[in-house]
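Residues per chain are reported as follows:
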Amino acid sequence: MEHLNIALAVVGGLVLVVSLLSSPLDRSWLSVPLLAFLLGVALGPEAMDLLDPRTWGDSKKLMEETARLTLGISLMGIALRLPPDYPFSHWRSLSILLAIGMPAMCLISALLTYGALGLPLLTALLVGAAICPTDPVLASSIVTGGVAKENLPGSFRHLLSSESGANDGLAYPLVLLPILLLTAPTGDAWLDWFGRVWLWEVGGGVLVGIALGWATGRALRWSEERGYLDQPSFLSITVALTILVLGVGALLGTNSILGVFAAGLAFDQEVGGQERSEEDNVQEAVNILLTLPAFILFGLIAPWDEWWSLGWAGLALVLLVLLLRRLPAILLLSPWLPSLRNKPIVSVMGWFGPIGISALYYATLASSRAGQERVWVAVSLIVAVSILVHGLTAAPFAKMYGHWQRRQQTRTK
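About the criteria used
- Residues numbered from 1 in each chain as written.
- Predicted model: local features only at pLDDT ≥ 70, side-chain atom pairs only at ≥ 80, totals over all residues.
- Heavy atoms only, no water.
- Patch = residues over 30% accessible without salt bridge, like charges linked within 9 Å, V, L, I, M, F, W, Y side chains within 5 Å.
- Areas by Shrake-Rupley, 256 points an atom, 1.4 Å probe, with all protein chains shown as cover.
- Salt bridge = Lys/Arg side-chain N within 4 Å of Asp/Glu carboxyl O.
- Lys, Arg positive; Asp, Glu negative; His and termini not counted.
- Charge placed at Lys NZ, Arg CZ, Asp CG, Glu CD.
- Helix = DSSP H or I, 4+ residues; strand = E, 2+ residues; numbered from the N terminus.
- Phe/Tyr/Trp six-rings, centres within 6.5 Å; stacked < 30°, edge-to-face > 60°.
- Buried < 20%, exposed > 50% of the residue type's maximum accessible area, 1.4 Å probe, protein only.
- Core = buried A, V, L, I, M, F, W, Y, C linked by side-chain atoms within 4.5 Å.
- Contact = heavy atoms within 4.5 Å.
- Disulfide = S-S within 2.5 Å.
- Polar contact = N/O pair within 3.5 Å; in protein donor to acceptor, adjacent residues only side chain to side chain.

## Considering a negative patch on the surface
1) Next: Residues Glu-46, Asp-49, Asp-305 and Glu-306 make up a contiguous surface patch of negative charge.
2) Next: When you line up the elements, Glu-46 lands in the loop between helix H3 (32-43) and helix H4 (59-81).

Given below as structure tokens:
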């Protein structure tokens with residue numbers, strides 16, 4: 001109980017500080033996820049030793065479930081934040097990023113892991129698959145807030161949000177393929193991958209999400225028309241829908257993370273209108289509340305000894321992944337992405353592909369299903385550095401692009 005009370009005090013205190021200082025933090029070099037991670041490190045076994053999740057049970061399983069809930073809340077927020085017609089009017093750009101860009105990032109990351117750490121090819125591919133999606137939690141900290149809205153074009157923010165919303169769930173088949181090849185005969189693995197993973201877990205997850213999102217939207221309209229709905233109960237609906245999809249999807253054995261994003265889009269098609277601002281407000285508030293514990297927990301269980309054991313090879317891997325995992329693919333695909341109108345915004349898009357909670361979720365999945373502890377060590381190190389580097393560069397890079405854009409506008413007058 002003492003650990004629980006300490007955790008409650010820490011999370012509550014940090015949420016209060018972040019809420020009261022939201023504007024200065026938004027304009028500073030210190031991102032909220034980075035602040036939460038550093039607080040977790042300070043409280044954990046490596047520093048003050050006030051909290052040790054290893055004494056609570058399976059710390060990786062706790063991380064997996066915390067990450068799943070955090071991803072669900074964040075993905076619902078992204079779905080509600082997007083203009084209702086955006087995924088349909090920009091489907092070509094999204095298809096290019098998801099069908100070409102994401103597999104390319106997976107293969108590049110796998111090859112870099114294979115070269116830097118000398119892991120077996122399938123294990124390296126598992127690392128590459130885990131870190132290929134753009135994290136929606138960290139991406140939200142980049143595309144929301146005053147600094148982002150003042151300096152970054154809406155087309156860029158919507159494109160990055162849509163990509164991070166969809167590719168977290170669509171990375172699941174890429175992660176499952178090496179897991180199946182490592183744990184089952186080759187023929188059975190491929191059959192299982194095409195049949196169960198793609199058709200049922202991915203396809204079924206999307207259908208379940210759409211059905212629940214559409215039904216919830218219709219039920220909301222029905223309740224409003226009869227005057228059954230007051231404002232506080234409306235504000236709880238999107239959170240309840242997220243939890244419902246996560247629970248139903250998991251019970252049915254489908255991809256509940258992708259299902260949440262599909263549910264949010266379907267719900268938005270039915271609702272939309274003037275309530276959208278209220279949806280955004282509650283979703284962002286819940287994002288803050290649930291994002292911080294996930295990063296605090298990661299700071300508490302960070303495997304420092306294993307990171308140090310990687311030595312210079314681990315450092316080389318992190319630097320190579322941050323520089324080469326995303327930027328080359330975005331540069332090559334940019335001619336087919338209308339939202340990326342100029343080289344500076346292409347560079348921003350190529351740099352800001354943060355690796356975070358989604359990668360931790362898939363790394364714990366690899367550890368539990370395939371016993372690949374080395375995947376957890378490599379991925380968690382990359383995530384820690386991504387939180388640091390992308391957190392420190394988000395506001396400055398956004399301001400630099402905004403300054404460049406204003407200079408260009410002045411020259412054209």
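There's plenty left to go through after this.
## Structural notes on the packing of aromatic side chains
1) Next: One pass over the structure, following the stated rule, counts 11 aromatic pairs.
2) Next: Taken together, a centroid distance of 5.7 Å and an interplanar angle of 35 degrees make the contact between Tyr-401 and Trp-404 tilted. Of the two residues, Tyr-401 and Trp-404 are both situated in helix H20 (residues 373-412); the distance of 3 residues between them amounts to about one turn of the helix.
3) Next: We classify Tyr-401 as buried; its relative accessible area is 3%.
4) Next: A relative accessible area of 22% means that Trp-404 is categorised as partly exposed.
5) Next: Put simply, the rings of Phe-37, Phe-298, Trp-304 and Trp-307 pair up and form one aromatic cluster.

## Some details on the nonpolar core
1) Next: By size, the foremost hydrophobic cluster in this structure holds 121 residues, and its most contacted members are Phe-298, Leu-340 and Val-379.
2) Next: Ranked by residues supplied to this core, first place goes to H20 with 14 residues.
3) Next: With near-sequence residues (within four places) excluded, Val-379 lies in contact with Val-127, Ala-130, Ile-131, Ala-359 and Ala-363.

## Details of unusual backbone geometry
1) Next: Of note, Asp-49 is a non-glycine position whose phi angle comes to about 60 degrees, a positive value.
2) Next: Along the chain, the position of Asp-49 falls in the loop between H3 and H4.

## Notes on the state of the cysteines
1) Next: Inspection of the entire model under this criterion finds 0 disulfides.
2) Next: Here Cys-106 stays free of any disulfide, with the sulfur of Cys-132 as its closest cysteine sulfur at 4.9 Å.
3) Next: Given a relative accessible area of 5%, Cys-106 falls into the buried group.

## What to know about helix H7 (residues 121-131)
1) Next: Across the 11 residues of H7, 9 count as buried, placing the element largely inside the fold.
2) Next: Where H7 is concerned, the buried positions are Thr-123, Ala-124, Leu-125, Leu-126, Val-127, Gly-128, Ala-129, Ala-130 and Ile-131.

## A look at the side chain of Ser-380
1) Next: Along the chain, the position of Ser-380 falls in helix H20.
2) Next: By relative accessible area, Ser-380 is classed as buried at 0%.
3) Next: Among the polar contacts listed, one links the side chain of Ser-380 to the backbone oxygen of Trp-376, at a separation of 2.7 Å.

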